[in-house]
Amino acid sequence: MASYKREVRILLVGDEKVGKTSLILSLVSEEFAEEVPARAEEITIPADVTPEHVPTCIVDYSAQDQSEQVLQDEIHIASVICIVYSVLDEDSIQRLTTYWLPFIRFTLGEEHKTPVILVGNKVDLTDIQTLESILPIMNDFAEVETCVECSARTLKNISEVFYYAQKAVLHPTAPVYNPDEKELTLPAKRAMTRIFRICDIDNDNLLNDIEIDTFQRKCFNAPLHPQALEDVKSIVRKSVPDGIIKDGITLKGFLFLHTLFIQKGRHETTWTVLRKFGYDDNLQLTHDYLSPPLTVGRECTTELTVQGYDFLTRLFDKYDEDNDGCLSPTELQNLFNTCPLMPWGPDVNNTVCTNGEGWVTIEGYLAQWTLTTLLDVQRAIEFLAYLGYNYKNDTQLSAIHVTREKKVDLEKRQTARNVFRCHVLGAKSVGKTAFLQGLLHRNLRYVATLNHQHLSNFTINTVQVYGQDKYLMLHEVHMMMSEMLTPSELECDVACLLYDVTNPRSFEFCARMYLKHFIDLKIPTLIVASKAEYPEVRQDYELTPAQFCSRFKLPPPQRFTCIDKINHDVYVKLATMAAYPNLKRLVHMLLVHQRPLWLEDRIRHITNLFQNNPNAYIHLGVGAAVAALLGLAVYKFVTPSSSSNTITTFRRL
């Protein structure tokens, strides 16, 4: 078992002549030294010769050679303190409570967590047992882990002294067991409850034989023999009436077993389980467990891998108890019951797809995780750990894919990304909220019913690009015309500039934003005319929207309406532009550069075909024909005579 301790530092203290130095020398030389120095030098035992595979330092203290200040310094850095007394000397026994234990508390504080071992030396010289007189001391001082009687002369229990000292550090009692209540501490119960729920794969509140075997292999790298399993169940049945139900171990039975392990001195069993699930000595999940290091380049993004989506889908199915494809508030709460807090607020219902009751669907659930991974990958990694991803995987990093840099995408004229970030900008009241909600197939009537206190600046959903599902994330960027966009607000795959066809002053905002921020960037930009169900008024700008787009080689303005039926094509166009970041350059080539007359005629013929019949690509191999002519992947936005726009795609087959 890998421990979180880098080393164990054992400090031996006690009155003079009790045999501290002799104990150390007997351990090292495996024989009793007749001539003993005042103090043994510090000894380091290599990790490979210790039972727990952790390097161990043994430090001797001598009041004859060292000051009280040195003693206090050593106490502060000790992992465990062994107070040695002589079983023959009543005064040294009394000094445990009159001096040594109070002095350690004075040095470290009343509530210190450094374990203490009481070591009774020289048992070879008497038949009298002192353990009975030591028990009250252990009851009065909770930091005392155990008491061991030994003999430096005969080597009796010498190795046990240092084994228990090491064990007190690596498998401490105080964090997991309350001796007064004779039960697990509350933090230990919480940790074990989380572990139980992660291991309960079928979510029936029982650990069946298969789940127990999986748990055993995870924690101890070995299966549990069927007879051993039956013996365990038998013990639970006799001790806890409802510890076994339908031949499965309940949570109560699971907690009882770990209480029993500790009471029987098998702390290492419980701690092995805790360590495997990421807990440190204070029963907190370690930083390394929650946040394994991940390097993300400045122009790279983060997405979930197939392995990550598979885990999250299985988790959804586990807690979707009625199999309706949605998570009710109770089911959602249960899904996150292994987490310290609920990661999603009420705004999630306005960020992703839900059913009619506002419950997150499986599509919305996966979209929300996709959004978190894109915007805050460390938070996604942390919650994957809370939810138990590491139970069947080494780390959460196998759930995360770091995309290549955007400059490589531009060089290759397409991207391998599956999640695209679109920033939506527009003047006040142009319909940005409705545009964001339209991505979730919600019309204006639905938007009117929303609680604006719980509105999100983000929405995310899948759209199809060339028959493949891609995630498009819309982010409403709040700003005034006079403001400058921050670098983070310019980090997107595609920009959407929105204006209101009924407001003559709204397009000026789009024009100024484009000229100020996007004209020199390689970010594809689309201008969208919202509220297109109304007649368009003339914009108070020197160029009409169509003229502006033509001058700056942008796709024509796209008309958008969501008063009833939503024009979803605009989202497909945004995702397609993001998927092919060189679109602007290619459109410029097709629309502006001089071309042979035969190519002009052929493109004009195909354009007219699509204007008159938007579904023509279903029946004709236009993509192949154009690819044969152009020899590259190109798509072009065409403004048909009707109010809706059609995206015509040309690509190499």
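Since the model is a prediction, treat every value here as computed from it, not as a measurement.

Colleague: Would you mind going over the overall build of the chain with me for this structure?
Modeller: The helix and strand tally for the chain stands at 25 helices and 22 strands. Within the span of the chain, comprising 653 residues, buried residues form 52% of the whole. Contacts in the chain between residues at least 24 apart in sequence constitute 70% of all its contacts with a sequence separation of at least 6. In the form shown here, the chain has an accessible surface area of approximately 31,300 Å², with 51% of it arising from carbon and sulfur atoms.

Colleague: Would you explain the nonpolar core in this entry?
Modeller: The nonpolar side chains of a soluble globular protein tend to be buried, and buried together. In this structure, I195, F215, L274, F277, Y365 and W369 are the most contacted members of the largest nonpolar core, which totals 72 residues. Here W369 is in contact with L304, L312, F336, W344, A380, F383 and L387, once residues within four sequence places are set aside.

Colleague: Would you mind going over the layout of surface pockets with me for this structure?
Modeller: To find the voids left in a structure, one rolls a probe of water-molecule size over its atoms. Size it by volume and the largest pocket reaches roughly 1,400 Å³. Along the wall of the largest pocket there are 41 residues; nearest its centre are A142, V144, E145, T173 and A174. Mapped onto the lining of the largest pocket, the elements with two or more residues apiece are α4 (131-140), β6 (144-149), α5 (158-170), β7 (177-178) and α9 (251-263). In terms of residues, the lining of the largest pocket owes the most to one element, α5, which gives four residues. Looking at side-chain class alone, the lining of the largest pocket contains 18 nonpolar, 12 polar and 11 charged residues.

Colleague: Would you take a moment to explain the packing of aromatic side chains for this structure?
Modeller: Any two aromatic rings considered together are summarised by their centre-to-centre distance and by the angle between their planes. Throughout the structure, instances matching the rule amount to 25 aromatic pairs. A ring pair is formed by Y466 and Y580, whose centres lie 5.7 Å apart and whose planes are at 70°; its orientation type is edge-to-face. Of this pair, Y466 sits in the loop between β16 (458-465) and β17 (468-476) while Y580 sits in the loop between α21 (569-579) and α22 (583-591), placing them 114 residues apart in sequence. Take Y580: its relative accessible area is 14%, and that puts it in the buried class. Within the aromatic cluster, the residues linked to one another by ring pairs are Y499, F507, Y514, Y541, F548 and F552.

Colleague: When you look at the sheet that holds strand β1 (residues 8-14) in this model, what are you seeing that I'm missing?
Modeller: Across a sheet, paired strands are connected by hydrogen bonds in the backbone, their directions being either parallel or antiparallel. The six strands are arranged β2-β3-β1-β4-β5-β6 in an open sheet whose pairing can be described as mixed. Only two strands of the sheet have a single partner each, and these edge strands are β2 (43-45) and β6. Put simply, the sheet's adjacent strands are angled 20° from each other on average, direction ignored. Two elements, β2 and strand β3 (residues 56-60), share three bridges in a ladder whose sense is antiparallel. The residue bridging T44 from the neighbouring strand is C57, located in β3. Strands β1, β4 (80-86), β5 (116-121) and β6 of the sheet are contacted by helix α3 (residues 90-108), whose axis makes an angle of about 155° with β4.

Colleague: Would you explain the sheet that holds β17 in this entry?
Modeller: Read from one edge of the open sheet, six strands run β16-β17-β15-β18-β19-β20, paired in mixed fashion. Only two strands of the sheet have a single partner each, and these edge strands are β16 and β20 (558-559). As defined by bridge partners, strand β19 (residues 525-530) adjoins β20 across two bridges and the pair is classed as parallel. Residue pairing in the sheet places V528 in a bridge with Q558 of β20. Helix α14 (residues 362-375) contacts β15 (419-426), β16 and β17 of the sheet and is inclined by roughly 65° relative to β17. Its contacts with the sheet place helix α19 (residues 506-518) against β15, β18 (494-500) and β19, and it is angled at close to 155° to β18.

Colleague: Help me out: how do you make sense of helix α1 (residues 20-29) in this one?
Modeller: Owing to its 3.6 residues per turn, the α-helix aligns residues three or four sequence positions apart on the same side. α1 sits mainly inside the fold: seven of its 10 residues count as buried. Along α1, the residues that are buried comprise K20, T21, S22, L23, I24, S26 and L27. Elements that come into contact with the buried residues of α1 comprise β1, β2, β3, β4, β5 and α5. Phi turns positive one or two residues past the end of α1, at E30, with a value near 60°.

Colleague: For this particular structure, what's the right way to read the pattern of salt bridges?
Modeller: Pairs may arise between side chains of opposite charge once their charged atoms sit close together. Under the definition given, this model contains 26 salt bridges. Taking the shortest distance from any N to any O, the salt bridge between D242 and K252 comes out at 3.2 Å. Of this pair, D242 sits in the loop between α8 (226-239) and β9 (244-245) while K252 sits in helix α9, placing them 10 residues apart in sequence. For K252, a relative accessible area of 47% puts it in the partly exposed group.

Colleague: Explain the pairing of β16 to me, please; I cannot follow it from the model alone.
Modeller: A regular strand carries its side chains on alternate faces of the sheet. Pairing of β16 with β17 involves eight bridges; the strand directions are antiparallel. The residue of β17 that forms the bridge with N461 is L472.

Colleague: Help me out: how do you make sense of the packing of α9 against helix α10 (residues 267-276) in this one?
Modeller: The description of two helices packed together rests on the angle between their axes and the distance between the axes. In contact at an axis separation of 6 Å, α9 and α10 are set at 135° when each is read in the N-to-C sense. On the basis of their axis angle, the class for α9 and α10 is oblique. Contact residues: H258, F261 and I262 in α9; H267, T269, T270 and V273 in α10. When the residues that make up the contact of α9 with α10 are grouped by side-chain class, the tally is three nonpolar, four polar and no charged.

Colleague: Teacher, can you tell me more about the side chain of H423 here?
Modeller: With respect to the helices and strands, H423 occurs in strand β15. In this structure the side chain of H423 is engaged in a polar contact, spanning 2.6 Å, whose partner is the backbone oxygen of E489. Beyond its immediate stretch of four places on either side in the chain, H423 contacts H475, V477, S488, E489, L490, E491, C492, V494, A495 and C496.

Scoring rules and cut-offs
- The residue numbering used here restarts from 1 in each chain and proceeds along that chain's sequence as written.
- In keeping with the model being predicted, local features are shown solely for residues with a pLDDT of at least 70 and side-chain atom pairs are shown and tallied solely at 80 or more, while totals for entire chains, interfaces and linings include all residues.
- As a convention, hydrogens and water are excluded, and side-chain values are obtained from all of the structure's heavy atoms.
- Helix and strand definitions follow DSSP, with helices as H or I runs of at least four residues and strands as E runs of at least two, each counted in order from the N terminus.
- Exposure is judged per residue with a 1.4 Å probe applied to protein chains only, and the accessible area is read against the type maximum: over 50% gives exposed, under 20% gives buried, and values in between give partly exposed.
- Should any heavy atoms of two residues lie within 4.5 Å, those residues are considered in contact.
- Method for areas: the Shrake-Rupley scheme with a 1.4 Å probe, in which residue coverage is limited to the protein chains shown.
- Throughout this description, the term nonpolar core refers to a set of buried Ala, Val, Leu, Ile, Met, Phe, Trp, Tyr and Cys residues connected via side-chain atoms within 4.5 Å.
- Every definition here rests on a 1 Å grid over the protein atoms only: cavities are sets of points where a 1.4 Å probe fits but cannot get out, pockets are open sets enclosed by protein on both sides within 12 Å along at least five of seven lines, and lining residues have some atom within 4 Å of a point.
- Grid points are joined across faces, edges and corners, and a volume is the space filled by probe spheres set on the points.
- Think of it as three bins: nonpolar holds Ala, Val, Leu, Ile, Met, Phe, Trp, Tyr, Cys and Pro, charged holds Asp, Glu, Lys and Arg, and polar takes everything else, Gly as well.
- Working definition: a ring pair exists when centres of Phe, Tyr or Trp rings (six-membered ring for Trp) sit within 6.5 Å. Plane angles under 30 degrees give stacked, over 60 give edge-to-face, the rest tilted.
- For two strands to be treated as a pair, DSSP must find at least two bridges joining them.
- Angles run from 0 to 180 degrees between N-to-C directions of axes, and those axes are lines fitted to C-alpha atoms, restricted for helices to the stretch in contact.
- Salt bridges, as used here, are contacts in which a Lys or Arg side-chain nitrogen is within 4 Å of a carboxyl oxygen on Asp or Glu.
- Any angle between 65 and 115 degrees counts as roughly perpendicular, while under 35 counts as roughly parallel, over 145 as roughly antiparallel, and the rest as oblique.
- Whenever two N or O atoms come within 3.5 Å, that pair is a polar contact, provided that in protein one can donate a hydrogen and the other can accept it, and provided that, for residues adjacent in sequence, both atoms are side-chain atoms.

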